[in-house]
Amino acid sequence: MTSLKVENDHSGDGAVGEGYQRGLGARQIQMIAIGGAIGTGLFLGAGKAISKAGPSLILAYAIAGLVIFFIMRALGELLMYRPVSGSFSEYAREFIGPFAGFVTGWTYWLFWVVTGITEVTAAATYMTYWWNIPQWVSALVFTVVLYGANLISVKLFGELEFWFSMIKVTAIIGMILICAGILTIGFSDAGDTASVTHLWADGGFFPKGIGGTVVTLQIVMFAFMAVELVGVTAGESKDPETTLPKAINTVPWRIAVFYVGALIMILSVVPWTHFKPGVSPFVAAFEQMGLGIGAAIVNFVVLTAALSSCNSGMYSTGRMLRDLALNGQGPRLFTRLTKSGTPLVGTTFSAALMLVGVWINYQWPGEAFDKVVSFATISGMWAWIMILISQIRYRARADRGELPQSTFKAPGAPFTSWFALLFIFGVIVMMGIDAEARVSLYCAPLWAVLLGVSYLVLKARDPENAAFKR
């Protein structure tokens, strides 16, 4: 049985580490940062976005990528001011208020629980491509294995993420090189028709108009969900002052290569009119090249992407619950750590809820989780909003001399942070207009009411609790 120890070393200043072990090295942090920006949103979701916007989707990814960089630099400034594992919740609590920290912590926790359920279901579905086994069996095995890996040590979590990310990166770079070879040498079945003129020949660069490009921004932003996960690793990074800034500064080239570069290459080899919603652009490109093995390759890659997301969910939910508990905003039993420095109770509780996905796979193996997945979009954006508002308020206090200056200032802030906020709110408005995406907003008011009532009950029971102090 795993030995336990209860950590009570959380102080008001948010001491670095908070009982965790610094088991994440530079290469792991780098790959977590890279992998966080590459998921099923690119491998599968891009097909729908291409059909809606055509080649102008490239511009949408570039603009959204710039906004993501502003968000990550805002997070980086906060992390270098005070690197803590609670990250977004801690900063919201300090710079906005205790209720904001409460809402942020629980919302980000729910984001990863919901994401974990949907991703383990997706992984189970991908397994049926090779073996005719019940989906619930695969879902159960994946959940138990990832849960066990996260309890052993943070280093094992980092190793899993390193290799998951390596597979995704290798797949994209391989696709880019193959497309480049087709464009320059002309091999494969697509060699005779491949041309960069496809980027503007079939209806122009904006075949669906500017409006079509704007509508896809919500799909594009969803593809970047989890890029902020690197912030949760701050309390367990061996050298956060060095590794975190380096990881964050790689955001521009990551987006330029893995999204913009990959789309330019694919859309040069395959005309945008050949892509359809629900079909991976990678699979479509392989078929155009006459490479039948492409579907199997992409299936393996999206399987690893789904497992990577579920693994991240196991990691982050336990840390977020522990941070809430240490601040009096969650049950004290969530503060418990194993000897290896992993939050046992919080991770176990979250994994138990993710097992709901196993039950759903048993009951309804053929039904999609679109409505559940959609809620993850708005809850993930909430974390970005809190990061930006916290950074704006921190910078104002630091400039007044009330707090020490960060060693990793966000360039152009606070203007870049305000721009990113306006952009996110614009995306939320578009989600409300789009009938398909509107479901993302339906659950948000219910969740807000639940959190509001819970906070009032907590405050009434213990008004002197540290949770209600800045």
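Predicted model only: the values in this text are computed from it and were never measured. Just so you know, the residues in each chain are numbered from 1, in the order the chain's sequence is written. A pLDDT threshold of at least 70 governs which residues receive local features in this predicted model, and a stricter bar of 80 or more applies before side-chain atom pairs are shown or counted, although totals over entire chains, interfaces and linings include all residues. For side-chain calculations, the full set of non-hydrogen atoms in the structure is used, while hydrogens and water are omitted.

Undergrad: I tried to follow the overall build of the protein chain on my own but got confused; where do I start?
TA: A tally of regular secondary structure across the protein chain gives 20 helices and two strands. By residue count, 60% of the 470 residues in the protein chain fall in the buried class. Carbon and sulfur atoms make up 68% of the accessible area of the protein chain, which totals about 18100 Å². Elements are defined by DSSP. Helices are runs of H or I of four residues or more, strands are runs of E of two residues or more, and each kind is numbered from the N terminus. To sort residues, take the accessible area from a 1.4 Å probe on protein chains only and compare it with the maximum for the residue type: under 20% means buried, over 50% means exposed, and anything in between is partly exposed. Per-residue and other accessible areas were derived by the Shrake-Rupley procedure at a 1.4 Å probe size, with only the shown protein chains allowed to occlude residues.

Undergrad: Where do I start with the packing of aromatic side chains in this structure?
TA: Pairs of aromatic rings are described using the distance from one ring centre to the other and the angle between the two planes. The criterion for an aromatic pair is that two Phe, Tyr or Trp rings (for Trp, the six-membered ring) have centres within 6.5 Å, with stacked assigned to planes under 30 degrees apart, edge-to-face to planes over 60 apart and tilted to the rest. Across all of its chains, the model carries 23 aromatic pairs by this definition. Geometrically, the ring pair formed by phenylalanine 95 and tyrosine 394 is edge-to-face, given 5.7 Å between the ring centres and 65 degrees between the ring planes. Highlighted residues: phenylalanine 95 in helix 5 (residues 88-95) and tyrosine 394 in helix 18 (residues 370-399), separated in sequence by 299 residues. Given the relative accessible area of 0%, tyrosine 394 is considered buried. With a centroid separation of 5.0 Å and an interplanar angle of 85 degrees, the aromatic rings of phenylalanine 162 and tryptophan 163 are classed as edge-to-face. Aromatic ring contacts, followed pair by pair, group Phe88, Tyr108, Phe111 and Trp112 into a single cluster. Over the aromatic face of phenylalanine 408 sits the side chain of arginine 73, whose NZ or CZ is 3.9 Å from the ring centroid. Two conditions define a charge sitting above a ring: the NZ of Lys or the CZ of Arg must be within 6 Å of the ring centre, and it must be within 35 degrees of the ring normal.

Undergrad: I tried to follow the packing of helix 8 (residues 154-184) against helix 13 (residues 251-269) on my own but got confused; where do I start?
TA: The description of two packed helices rests on the angle between their axes and on the distance between the axes. Only the stretch in contact is used when a helix axis is fitted, and all axes are lines through C-alpha atoms; the angle between N-to-C directions ranges over 0 to 180 degrees. Across the interface, helix 8 lies against helix 13 with an axial gap of 9 Å and an inter-helix angle of 35 degrees. Judged by the sense of rotation from one axis to the other, the crossing of helix 8 with helix 13 is left-handed. Seen from helix 8, the contacting residues are Val169, Ile172, Ile173, Met175, Ile176, Cys179, Ala180, Ile182 and Leu183; seen from helix 13, they are Val257, Phe258, Gly261, Ala262, Met265, Ile266, Ser268 and Val269. Classification used: nonpolar for Ala, Val, Leu, Ile, Met, Phe, Trp, Tyr, Cys and Pro, charged for Asp, Glu, Lys and Arg, polar for all others including Gly. Grouping the constituent residues of the contact of helix 8 with helix 13 by class yields 15 nonpolar, two polar and no charged. Note: crossing handedness is left-handed where the near helix turns anticlockwise from the far helix by less than a right angle, and right-handed where it turns clockwise. Contacts are assigned to residue pairs that have any heavy atoms within 4.5 Å of one another.

Undergrad: Help me understand the pattern of salt bridges, please; the structure alone is not making it clear to me.
TA: A side chain of one charge can pair with a side chain of the opposite charge if their charged atoms are brought near each other. Here, a salt bridge means any Lys or Arg side-chain nitrogen found within 4 Å of an Asp or Glu carboxyl oxygen. Under the definition given, this model contains seven salt bridges. When the shortest N-O distance is used, the salt bridge between glutamate 90 and arginine 93 registers 3.3 Å. Of the two residues, glutamate 90 and arginine 93 both sit in helix 5, three residues apart, roughly one turn of that helix. With relative accessibility at 4%, the residue arginine 93 sits in the buried group. Within the structure, one salt-bridge network assembled from shared partners comprises Arg82, Glu90, Arg93, Glu94 and Asp323.

Undergrad: What is the right way to look at helix 6 (residues 98-127) in this model?
TA: For the α-helix, the turn length of 3.6 residues means that residues three or four positions removed from each other point alike. The terminal C-alpha atoms of helix 6, which comprises 30 residues, lie 43 Å apart, in line with the 44 Å expected from a rise of 1.5 Å per residue. Counting buried positions along helix 6 yields 28 of 30 residues, so the element is predominantly enclosed. Expected span of a helix, by definition, is 1.5 Å for each gap between consecutive residues, and there is one gap fewer than residues.

Undergrad: Explain the nonpolar core here, please?
TA: One broad rule of soluble globular proteins: the nonpolar side chains tend to lie buried together. Tyr61, Ile68, Met221 and Trp384 are the most contacted members of the largest nonpolar core, which has 147 residues in total. The element that contributes the greatest number of residues to this core is helix 6, accounting for 18 residues. Residues within four places of isoleucine 68 in sequence aside, it is in contact with Met221, Phe224, Val227, Val251, Ile255 and Trp384. Here, nonpolar core means buried Ala, Val, Leu, Ile, Met, Phe, Trp, Tyr and Cys residues that are tied together by side-chain atoms lying within 4.5 Å of each other.

Undergrad: Honestly, the confidence of the model for the protein chain in this entry has me stumped. Any pointers?
TA: Low-pLDDT stretches of the model should not have their predicted coordinates read in fine detail. Each residue carries a pLDDT score, the predictor's own confidence in it, on a scale running from 0 to 100. Confidence in the prediction for the protein chain averages 82 pLDDT; 89% of positions are at 70 or higher. Ranking the helices and strands of the protein chain by mean pLDDT puts helix 4 (residues 57-81) first, with 93, and strand 1 (residues 4-6) last, with 36. Overall, residues 1-17 carries pLDDT values under 50, and its contacts beyond four positions in sequence, including any with other chains, amount to 33 contacts. A low-confidence stretch, residues 466-470 stays under pLDDT 50, and its non-local contacts, those more than four residues away or across chains, total 17 contacts.

Undergrad: Before we go on, may I ask you to explain a nonpolar patch on the surface in this structure?
TA: Only residues whose relative accessible area exceeds 30% and that take part in no salt bridge are eligible for patches, with like-charged residues grouped when within 9 Å of each other and nonpolar side chains (Val, Leu, Ile, Met, Phe, Trp, Tyr) grouped when within 5 Å. On the surface, Leu59, Ile63, Phe206, Ile210 and Val214 cluster together into a nonpolar patch covering about 380 Å² of accessible area. Sorting the residues of the nonpolar patch by element identifies helix 4 and helix 10 (209-215) as the ones contributing at least two each. With respect to the helices and strands, the residue isoleucine 210 is situated in helix 10. Given the relative accessible area of 52%, isoleucine 210 is considered exposed.

Undergrad: Just to check I follow, could you spell out the side chain of threonine 104 for this structure?
TA: When you line up the elements, threonine 104 lands in helix 6. Under the relative-accessibility criterion, threonine 104 is labelled buried at 1%. The contacts of threonine 104, once residues within four sequence positions are left out, are Phe88, Ser89, Ala92, Trp382 and Met386.

Undergrad: Would you mind showing me how to read the environment of asparagine 150 here?
TA: Among the structural elements, asparagine 150 can be located in helix 7 (residues 135-152). For asparagine 150, a relative accessible area of 2% translates into the label buried. Along the sequence, asparagine 150 and threonine 348 sit 198 residues apart, while their C-alpha atoms lie 9.8 Å from each other. When sequence neighbours within four positions are dropped, the list of residues in contact with asparagine 150 reads Phe157, Asn311, Met314, Tyr315, Thr342 and Thr347. N or O atoms within 3.5 Å of each other form a polar contact, as long as, within protein, one can give a hydrogen and the other can take it, and as long as residues adjacent in sequence are counted only when both atoms are side-chain atoms. A polar contact of 3.4 Å, which involves the side chain of asparagine 150, links it to the backbone nitrogen of tyrosine 315.

Undergrad: Looking at this structure, how should I read the environment of lysine 52?
TA: Mapped onto the elements, lysine 52 comes out in helix 3 (residues 46-53). On the accessibility criterion, lysine 52 (25% relative accessible area) is partly exposed. The spacing of lysine 52 and lysine 208 is 156 residues in sequence and 6.9 Å in space, taken between C-alpha atoms. Once you skip the residues sitting within four places of it in the chain, lysine 52 turns out to touch Lys208, Gly212, Thr216 and Ile219.

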